[in-house]
Amino acid sequence: MEAVDMMSERHSGPSGSFRRLTRDLLGRALPDEPTGELDNRAKMIADEVKKARLRDGLASGVEEQSLGGPQLPGRFAFNAGMAGPVVGALVGLLLLPYSSVAALIAAAIGSGVASLALYGGLLRRKQLTGVVEGALQITPDTLHAIDPGNKKKDGALLHYLEARRDSEDLVILLHGLGLDASDFRTYLAETKYHAVALTLYGFNVDEKDDEDYSPISLKSHARLFALALKELQTKHPGKRLSLVGFSVGADIILMLSDLAGDVLLGLDFHRVLLLDPNVNAKTTTISTRMAGMNREQPLEQLLEVLNAAEGIDDLVYRCEYVVKTAQKDIAQIQRHASEISSFWRSDPGTDLFIKSMTKLGKLASDIYVIFSLGQKELLEGLQDRAGECGLGRENFRWAASGHFQLLDPSFLRRQLDLLLR
């Protein structure tokens with residue numbers, strides 16, 4: 001695969017309206033709540049989701065500009081500009097007794113040097129180099145070898161968002177079921193690490209119902225992901241490669257040895273962070289619902305995802321998830337969900353998870369797993385078995401937040417700073 005820089009941001013389609021839907025769901029959950037209060041809460045949730053969509057460049061009519069080079073907010077430029085004259089004036093005052101002309105020249109030079117030095121220092125400190133879009137070119141031969149039934153003749157693209165940083169670490173992030181790289185875009189804008197968020201094949205909005213991006217198997221997804229990892233490592237030699245997977249993205253990373261072990265030969269991972277991976281048949285609630293979707297009328301299963309919210313904050317995240325998912329290729333999501341559910345269905349316990357963790361441990365120096373609210377009992381059981389896959393109890397953690405809140409950029413930043421320090 002060949003990397004191709006793409007300097008325009010990709011957007012999702014129109015969001016539609018789900019305020020009424022939110023109002024109905026709140027009415028079911030809180031039957032005794034006054035009508036006015038329900039309306040207010042529904043409006044608050046709709047407004048928050050709208051803000052989130054605007055922030056992520058998902059709303060209709062919003063134009064985002066990818067940053068191709070360093071940029072600093074105006075306040076940094078202002079501070080740098082103000083500091084230069086101050087330093088220049090001080091230099092002039094010091095030299096004034098010796099020569100007024102020399103003082104003026106020194107003041108001018110001092111002003112310019114100080115401004116440039118401060119501006120450059122702020123640039124390095126803040127790492128504000130922007131987020132660009134790129135794509136990996138998948139040749140027809142590669143695609144057919146990975147997915148023999150694929151009839152696409154012209155190859156395909158595997159899209160990603162990249163935060164280019166002067167860092168020894170290269171962090172690759174993989175999204176959950178029905179999502180895409182844009183879920184990490186806010187984190188990418190803030191991170192101090194060189195980071196790339198990949199979108200799985202066929203999971204972009206403009207690939208919906210596109211015959212050239214027909215649904216592929218879970219194994220094919222994993223092998224394309226593995227090829228992308230090798231390509232990115234080759235493109236950035238010498239960098240420590242770390243992986244972050246959310247939900248089903250964590251599952252794919254967990255399954256890499258089984259599904260794409262031969263592709264990964266010669267590749268080592270520095271750190272791996274799995275956010276709420278599935279562990280057994282009991283944890284595949286969202287995947288099971290998505291696997292059973294009616295492709296023509298998916299509303300019932302999407303409503304079930306919302307009904308499972310564990311509070312208002314979690315509902316906000318779930319609303320955004322449903323809006324994004326509804327704009328994707330339902331057949332692609334359904335096949336992906338079905339194979340994920342089938343993989344875990346055979347084990348009601350945690351034996352399969354421990355076995356997969358052990359295999360992944362042969363590829364990575366260290367693995368950390370973080371579970372969301374409601375998984376504390378599961379966490380304790382896995383901590384007791386940590387030694388079986390060569391890990392310690394501290395490698396399994398619990399976050400007092402909902403499933404989708406694990407995507408919060410502040411949370412991700414804290415976790416990766418701890419992991420890569």
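Below you will find a few notes about this structure. (Residues numbered from 1 in each chain as written. Predicted model: local features only at pLDDT ≥ 70, side-chain atom pairs only at ≥ 80, totals over all residues. Heavy atoms only, no water.)

**Quick notes on unusual backbone geometry**
Move 1: Positive phi values are uncommon outside glycine, yet S247 reaches one of about 60°.
Move 2: Tracing the backbone through its elements, the reader meets S247 in the loop between β6 (240-246) and α8 (248-254).
Move 3: A positive phi angle is found at D276, which is not glycine, with a value near 50°.
Move 4: With respect to the element layout, D276 can be found in the loop between β7 (269-275) and α10 (285-291). (Helix = DSSP H or I, 4+ residues; strand = E, 2+ residues; numbered from the N terminus.)

**As for the packing of helix α7 (residues 218-235) against helix α13 (residues 330-345)**
Move 1: Interhelical geometry of α7 versus α13 gives an angle of 95° and a closest axis separation of 9 Å. It follows from the interaxial angle that α7 and α13 lie roughly perpendicular. Where α7 abuts α13, its residues L218, K219 and H221 lie against Q332, H336, E339 and I340.
Move 2: Its residues placed into classes, the contact of α7 with α13 shows 2 nonpolar, 3 polar and 2 charged. (Axes fitted to C-alpha atoms, helices over the stretch in contact; angles between N-to-C directions. Parallel < 35°, antiparallel > 145°, perpendicular 65-115°, else oblique. Contact = heavy atoms within 4.5 Å. Nonpolar A, V, L, I, M, F, W, Y, C, P; charged D, E, K, R; others polar.)

**Quick look at the pattern of salt bridges**
Move 1: Here the structure, examined in full by the defined rule, presents 15 salt bridges.
Move 2: One salt bridge connects D183 with K324, and the closest N-O pair in it is separated by 2.6 Å. Here the residue D183 occupies a position in the loop between β4 (169-174) and α6 (185-190), and K324 occupies one in helix α12 (residues 312-326), the gap between them amounting to 141 residues. Each member of the pair, D183 together with K324, is buried.
Move 3: The salt bridge partner of K359 is D258, with a shortest N-O separation of 2.5 Å. Here K359 is found in helix α14 (residues 351-361), whereas its partner D258 is found in helix α9 (residues 256-260), with 101 residues between them in sequence.
Move 4: Overall, K359 belongs to the partly exposed group, its relative accessible area being 26%.
Move 5: Overlapping salt bridges bring together E168, D169 and R240 as one network. (Salt bridge = Lys/Arg side-chain N within 4 Å of Asp/Glu carboxyl O. Buried < 20%, exposed > 50% of the residue type's maximum accessible area, 1.4 Å probe, protein only.)

**What about the pairing of strand β3 (residues 156-163)?**
Move 1: Extensive coverage of β3 is indicated by the burial of 7 of its 8 residues.
Move 2: Alignment of β3 against strand β5 (residues 194-198), held across 4 bridges, turns out to be antiparallel. Paired with Y160 across the strands is L198, a residue of β5. (Pairing = 2+ DSSP bridges.)

**Considerations on helix α15 (residues 376-384)**
Move 1: When we look at burial in α15, the residues that qualify are L378, L379, L382 and Q383. Seen from one end, α15 has its buried residues packed into an arc of 135°, which puts them on one side. In α15, the exposed residues that point more than 90 degrees away from the buried face are E377 and D384.
Move 2: Elements that come into contact with the buried residues of α15 comprise α14, β8 (364-371) and β9 (396-398). (Arc of directions from axis to C-beta.)

**Comments concerning the nonpolar core**
Nonpolar side chains in soluble globular proteins tend to be buried together.
Move 1: Within the largest apolar cluster, 107 residues are counted, with the highest numbers of intra-cluster contacts made by F269 and F396.
Move 2: Residues in contact with F269, not counting those within four places in the same chain, are L229, L241, L243, L256, L264, L363, A364 and S365. (Core = buried A, V, L, I, M, F, W, Y, C linked by side-chain atoms within 4.5 Å.)

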